[in-house]
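Now for the letters of each chain:
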Amino acid sequence: PLQRLIHELAEVRANADLLGDHVLRAHLLETWDVEQTLIQLAIRNWSGVRDDTVHNYFVWHRADGRWAMLPWDFDSDFVDFHAEIFRGAASSLTGTHGLQHFKDSFFRAFPEEYRETLFRLNRELLDPDRLQAAGYHGSLVAFARTRQPEVERRVGELRQPSQPTNLTPVGGAAMLPPAQLIASPYTHLSEPAPA
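### With respect to the confidence of the model for the chain
Phase 1 of the analysis: Averaged over the chain, the pLDDT score is 89; the fraction of residues at 70 or greater is 97%.
Phase 2 of the analysis: Averaged pLDDT values over the elements of the chain bottom out at 86 in strand β3 (residues 166–168) and peak at 97 in helix α2 (residues 21–31).

As structure tokens, this is what we get:
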């Protein structure tokens, strides 16, 4: 199955070079867990990984027949604050061991989805305050504080809903009847805001 995966992907990539990346996108949607793989790629590249282009990952043929990636060996992670967010892509070979065909395929087929995934994770799961609240301290939180603005700069501005804020209860007040939970109204960075 692994050989078939590699050969099929090479053939689809060659066809995509001629016909367009929509061919690659359709193939990956059919054969991979795209959402899970984009999350794995985003977290791995957020962590500033230096050496997962030719090794330090596994491909996983899941019971549902789809493929996914699993990271391995984290000894060179969380050190490069300025790491390229598309590390492993053909367009980003500086400072890497080479082209990583799986990563490059996803970056070609799903560039906006990858950016959105990285943007969301950077502001949510990988936010330094959330990492600290989850019990992480020291160098990981320090890395996140420096990495977060760098990732924001590299991802660019994405149009998304504004994060709602709590209106009531205020300041940790008790929630006893007849108190109500009220959040700020829906807003969006796009004008006009989508529904």
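### Brief notes about the packing of helix α1 (residues 2–19) against helix α4 (residues 101–109)
Phase 1 of the analysis: It is at 11 Å that the axes of α1 and α4 come closest, and there the two elements cross at 40 degrees. Here α1 is positioned oblique relative to α4, judged by the angle of their axes. For α1 against α4, the interelement crossing comes out left-handed. For the pair formed by α1 and α4, the contact residues are L5, I6, L9, R13, A16 and D17 on the first element and H101, F102, D104, S105 and R108 on the second.
Phase 2 of the analysis: Looking at side-chain class alone, the contact of α1 with α4 contains five nonpolar, two polar and four charged residues.

### Section: the environment of V34
Phase 1 of the analysis: In this fold, V34 is placed in helix α3 (residues 34–46).
Phase 2 of the analysis: Classification of V34 by relative accessible area gives buried; the value is 11%.
Phase 3 of the analysis: Here the alpha-carbon distance between V34 and F110, two residues 76 residues apart in the chain, equals 9.0 Å.
Phase 4 of the analysis: If we skip the residues at most four places from it in the chain, V34 touches L28, L29, F106 and F110.

### Describing the environment of E116
Phase 1 of the analysis: Residue placement: E116 occurs in helix α5 (residues 111–123).
Phase 2 of the analysis: Each C-alpha atom, one on E116 and one on L24, is 19 Å from the other, the two residues being 92 residues apart in sequence.

### Focus on a nonpolar patch on the surface
Phase 1 of the analysis: On the surface, F58, W60, L70 and W72 cluster together into a nonpolar patch covering about 430 Å² of accessible area.
Phase 2 of the analysis: Here L70 shows up in strand β2 (residues 67–71).

### Structural notes on helix α7 (residues 139–155)
Phase 1 of the analysis: For α7, with 17 residues, the first-to-last C-alpha span of 23 Å sits near the 24 Å given by 1.5 Å per residue.
Phase 2 of the analysis: Where α7 is concerned, the buried positions are L140, V141, F143, A144, R147, Q148, E150, V151 and V155.
Phase 3 of the analysis: Buried positions along α7 lie against α3, α5 and α6 (128–133).
Phase 4 of the analysis: One or two positions beyond α7, positive phi appears at G156, with a value near 90 degrees.

### Some thoughts on the side chain of Q100
Phase 1 of the analysis: Structurally, Q100 is set in the loop between β2 and α4.
Phase 2 of the analysis: The exposure class of Q100 is buried, given its relative accessible area of 0%.
Phase 3 of the analysis: A distance of 2.8 Å separates a polar side-chain atom of Q100 from the backbone nitrogen of F102.
Phase 4 of the analysis: A polar contact is formed between the side chain of Q100 and the backbone nitrogen of K103, at a distance of 2.8 Å.

### So, the pattern of salt bridges
Phase 1 of the analysis: Enumeration over the complete set of coordinates arrives at 15 salt bridges.
Phase 2 of the analysis: Notably, a salt bridge pairs R62 with D33, separated by 2.6 Å at the nearest N-O pair. With R62 in the loop between β1 (57–61) and β2 and D33 in the loop between α2 and α3, this residue pair connects regions lying 29 residues apart in the sequence.
Phase 3 of the analysis: Overall, D33 belongs to the buried group, its relative accessible area being 17%.
Phase 4 of the analysis: One salt-bridge network, held together by shared partners, links R44, D52, D77 and K103.

Definitions and cut-offs
Residues numbered from 1 in each chain as written. Predicted model: local features only at pLDDT ≥ 70, side-chain atom pairs only at ≥ 80, totals over all residues. Heavy atoms only, no water. pLDDT = per-residue confidence, 0-100. Helix = DSSP H or I, 4+ residues; strand = E, 2+ residues; numbered from the N terminus. Axes fitted to C-alpha atoms, helices over the stretch in contact; angles between N-to-C directions. Parallel < 35°, antiparallel > 145°, perpendicular 65-115°, else oblique. Left-handed = near helix turned anticlockwise from the far one by under 90°. Contact = heavy atoms within 4.5 Å. Nonpolar A, V, L, I, M, F, W, Y, C, P; charged D, E, K, R; others polar. Buried < 20%, exposed > 50% of the residue type's maximum accessible area, 1.4 Å probe, protein only. Patch = residues over 30% accessible without salt bridge, like charges linked within 9 Å, V, L, I, M, F, W, Y side chains within 5 Å. Areas by Shrake-Rupley, 256 points an atom, 1.4 Å probe, with all protein chains shown as cover. Salt bridge = Lys/Arg side-chain N within 4 Å of Asp/Glu carboxyl O. Expected span 1.5 Å × (residues − 1). Polar contact = N/O pair within 3.5 Å; in protein donor to acceptor, adjacent residues only side chain to side chain.

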